[in-house]
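# A structural walkthrough
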Amino acid sequence: MMKFVGKKVRDDIVSDFGVTLVSAGSMLDEELIGLLGNHQVDLYSLELLDSGPRPVINFVDQAVLRSKELFESIGLTGKVPVEDIKGEVIPLILQVSQHSNLFQLFESVKAVDEYTYQHNIGVGILSTLIGRWMELPDEELEILSLAGTLHDVGKVYISGDILNKPGKLTKEEYEQVKRHAQFGYDLLCQVPHLDPRIPLAALQHHERNDGRGYPFGAKEHDIELFSKIIAVADIFHAMSSRRSYHEPRAFYEIADQMRDDSFGLLDPMVVTLFLDKVMEKLIGETVLLTDGHHGEVISLNPHQPLAPLVKVGEEFIDLSRRTDIHIKSIFIPA
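Residues numbered from 1 in each chain as written. Predicted model: local features only at pLDDT ≥ 70, side-chain atom pairs only at ≥ 80, totals over all residues. Heavy atoms only, no water.

Looking now at the packing of aromatic side chains. Scanning the entire structure with this criterion turns up seven aromatic pairs. Look at Phe103 and Phe106: their rings are 5.9 Å apart centre to centre, the planes differ by 85°, and that puts the pair in the edge-to-face class. Residue Phe103 and its partner Phe106 are located together in helix α5 (residues 102–109), separated by three residues, close to a single helical turn. With respect to burial, Phe103 and Phe106 carry one shared label: buried. (Phe/Tyr/Trp six-rings, centres within 6.5 Å; stacked < 30°, edge-to-face > 60°. Helix = DSSP H or I, 4+ residues; strand = E, 2+ residues; numbered from the N terminus. Buried < 20%, exposed > 50% of the residue type's maximum accessible area, 1.4 Å probe, protein only.)

Moving on: the pattern of salt bridges. What the rule picks out here adds up to 17 salt bridges. Lys110 is paired through a salt bridge with Glu107; the nearest N and O atoms lie 3.2 Å apart. Under the relative-accessibility criterion, Lys110 is labelled partly exposed at 29%. With its nearest N and O atoms 3.3 Å apart, the salt bridge here joins Lys155 to Asp152. Taken as a pair, Lys155 and Asp152 share a single burial class, namely buried. What emerges from the salt-bridge pattern is a single network uniting Arg66, Glu69 and Glu88. (Salt bridge = Lys/Arg side-chain N within 4 Å of Asp/Glu carboxyl O.)

As a further point, take unusual backbone geometry. Cis peptide bonds are those with omega within 30 degrees of zero, and the linkage from Tyr214 to Pro215 qualifies with 15°. By secondary structure assignment, the location of Pro215 is in the loop between α11 (197–204) and α12 (225–240). You will see that Glu135, though not glycine, has its phi angle at about 60°, which is positive. Within the secondary structure, Glu135 sits in the loop between α6 (115–133) and α7 (138–149). Taking the relative accessible area as the measure of exposure, Glu135 reaches 70% and is therefore exposed. The phi dihedral of His193 falls on the positive side, at around 60°, and the residue is not glycine. A relative accessible area of 86% means that His193 is categorised as exposed.

We now examine the packing of α6 against α12. At their nearest, the axes of α6 and α12 sit 8 Å apart, and the two run at 130° to each other. Relative to α12, α6 is oriented oblique. α12 is crossed by α6, and the crossing has right-handed handedness. The segment α6 lies against α12, with Tyr115, Gln118, His119, Gly122, Val123, Leu126, Ser127 and Ile130 engaging Ile229, Ile230, Val232, Ala233, Asp234, Phe236, His237 and Ala238. Looking at the contact of α6 with α12 residue by residue, the classes come out as ten nonpolar, five polar and one charged. (Axes fitted to C-alpha atoms, helices over the stretch in contact; angles between N-to-C directions. Parallel < 35°, antiparallel > 145°, perpendicular 65-115°, else oblique. Left-handed = near helix turned anticlockwise from the far one by under 90°. Contact = heavy atoms within 4.5 Å. Nonpolar A, V, L, I, M, F, W, Y, C, P; charged D, E, K, R; others polar.)

Glancing now at the UniProt feature "domain: HD-GYP" (unreviewed entry) in the chain. The UniProt record marks residues 94–290 with the feature "domain: HD-GYP" (unreviewed entry), using the residue numbering of this structure. Span residues 94–290 is 58% helix and 2% strand, its end C-alpha atoms 34 Å apart. (UniProt positions renumbered as here; feature names shortened; annotations may be inferred.)

Inspection of the secondary structure puts Asp84 in helix α3 (residues 82–88). Taking the relative accessible area as the measure of exposure, Asp84 reaches 35% and is therefore partly exposed. For the pair Asp84 and Ile125, spaced 41 residues apart in the sequence, the C-alpha separation amounts to 17 Å. Discounting chain neighbours no more than four positions away, the residues touching Asp84 are Leu70 and Val89.

Compared with the 22 Å implied by 1.5 Å per residue over 16 residues, the 23 Å span of α12 between its first and last C-alpha is a close match. A large share of α12 lies buried, amounting to 15 of its 16 residues. Where α12 begins, the side chain of Glu224 points an oxygen toward the backbone nitrogen of Phe226, at a separation of 2.7 Å. (Expected span 1.5 Å × (residues − 1). Polar contact = N/O pair within 3.5 Å; in protein donor to acceptor, adjacent residues only side chain to side chain.)

The subject of this paragraph is the nonpolar core. In this structure, Val80, Phe106, Met258, Phe274, Leu282 and Leu289 are the most contacted members of the largest nonpolar core, which totals 78 residues. Examining the composition of this core, we find that nine residues originate from one element, α12, more than from any other. Apart from the residues lying within four places of it in its own chain, the contact partners of Met258 are Val232, Phe236, Met239, Val271, Phe274 and Leu275. Judged by nonpolar contacts, the second largest core, of nine residues, contains Val9, Ile13, Leu36 and Leu43. (Core = buried A, V, L, I, M, F, W, Y, C linked by side-chain atoms within 4.5 Å.)

This next bit is on α7. Its twelve residues give α7 an end-to-end C-alpha distance of 16 Å, which sits within 8% of 16 Å, the value for a rise of 1.5 Å per residue. Of all the positions in α7, only Leu141, Ile143, Leu144, Ser145, Leu146, Ala147, Gly148 and Thr149 are classed as buried.

We now examine the pairing of strand β7 (residues 304–312). Direction of pairing for strand β6 (residues 294–301) relative to β7: antiparallel, over a ladder of four bridges. Note that in β7 the partner of Glu296 across the bridge is Lys311. Connecting β6 to the next strand, β7, in antiparallel fashion are two residues. Direction of pairing for β7 relative to strand β8 (residues 315–318): antiparallel, over a ladder of four bridges. (Pairing = 2+ DSSP bridges.)

Structure follows, in C-alpha cells:
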C-alpha cells in the first residue's frame, strides 16, 4: 500500500452509510489508507492524482516507518525480508539521495527519536550519496544502498535497554553491543543469492584502517570498499543526530573530527571526497557562527577548506585566521 502514500484523491470518498471518509483533494497518508482499509474501500478503484514534489523529509519518514516494520519482523522470525526492503525502502533511499539541497537532506536524515530505525535509513541515504559522488554505476549503487540500510541489522538481537541507555555503557554492555556486527553478518549470510559485500559491510563497518576497530581488528587492505563508505556515513550520522546520551554536535566539530579520523581510522579517500563535496555545497549558504552571528559562505580556502570566508553584514571573516569562531550550523529554510 506504500505506492498510494502521497497521492491525492480526485473525488470525495463516501462510506456505505453516506459519511465522507476523505474529502476531494486530500493527500493519502498511512492513517487515511488505514481508515479506508477499515471501510473496505478498494484503493485501486479510486481516481488518484499525483501531488507533485513532496518535501524530502516525507520520503525519509516513509522509509523509516517501513524499515521499522521490517526490522521488527526480523527479530520475530530470524529472517531478513530482503526482497521487501529492496522493493519498498531502497527506491525511497535512491530518490532521497538525489535531493538537490544537500543540507536539507542532512537535516531530514538526522535522528531525533527511535535512533536505531532512523539511523538505518540515514546511513543508507548517506552511503548512497557518497556512492553517487564516486560515480558508481546504478547496479553497484543499489547494492551499496542495501548494505548501508542493513549495516546494523544485528542490533535486533541486542537489548533495547542497552542500545537506548542514556549513560555510559559498562564494559560488559559494550561487549554485548559489539556483537551486533557478527550477528548481522550471520543473519545476512543466510539470505540466498545476496551480494557478499552486504553481509561483509555488517561485519566490517566498525573496523578501522589502523586495526583498532572490531570485531577482528582488520586493517586497511582487508576492509572492503563498501564497508569503508558505510563507516564514514555511520560516523557522520551518529555525530549529527540526537542520541540518548548526547545532543547533535556542531557542524565544525563533526567536520574536524572526521578530518582527524582520516589519519588512521577512516579511509582518507572516502573522507576527503565527502568533506570536499560538503564544503563545495556550502558556498552561498547561510550559516550560524559560534559567536551567534549569521553569515553567508563566500569562498573556500584551498589550504583550509573547513575554514571558509564568511560575510557577516558588511564584514568579511576569514575563519582560517579567526580560530575563535567556527561554523555551528547551516540555516535551513522552513
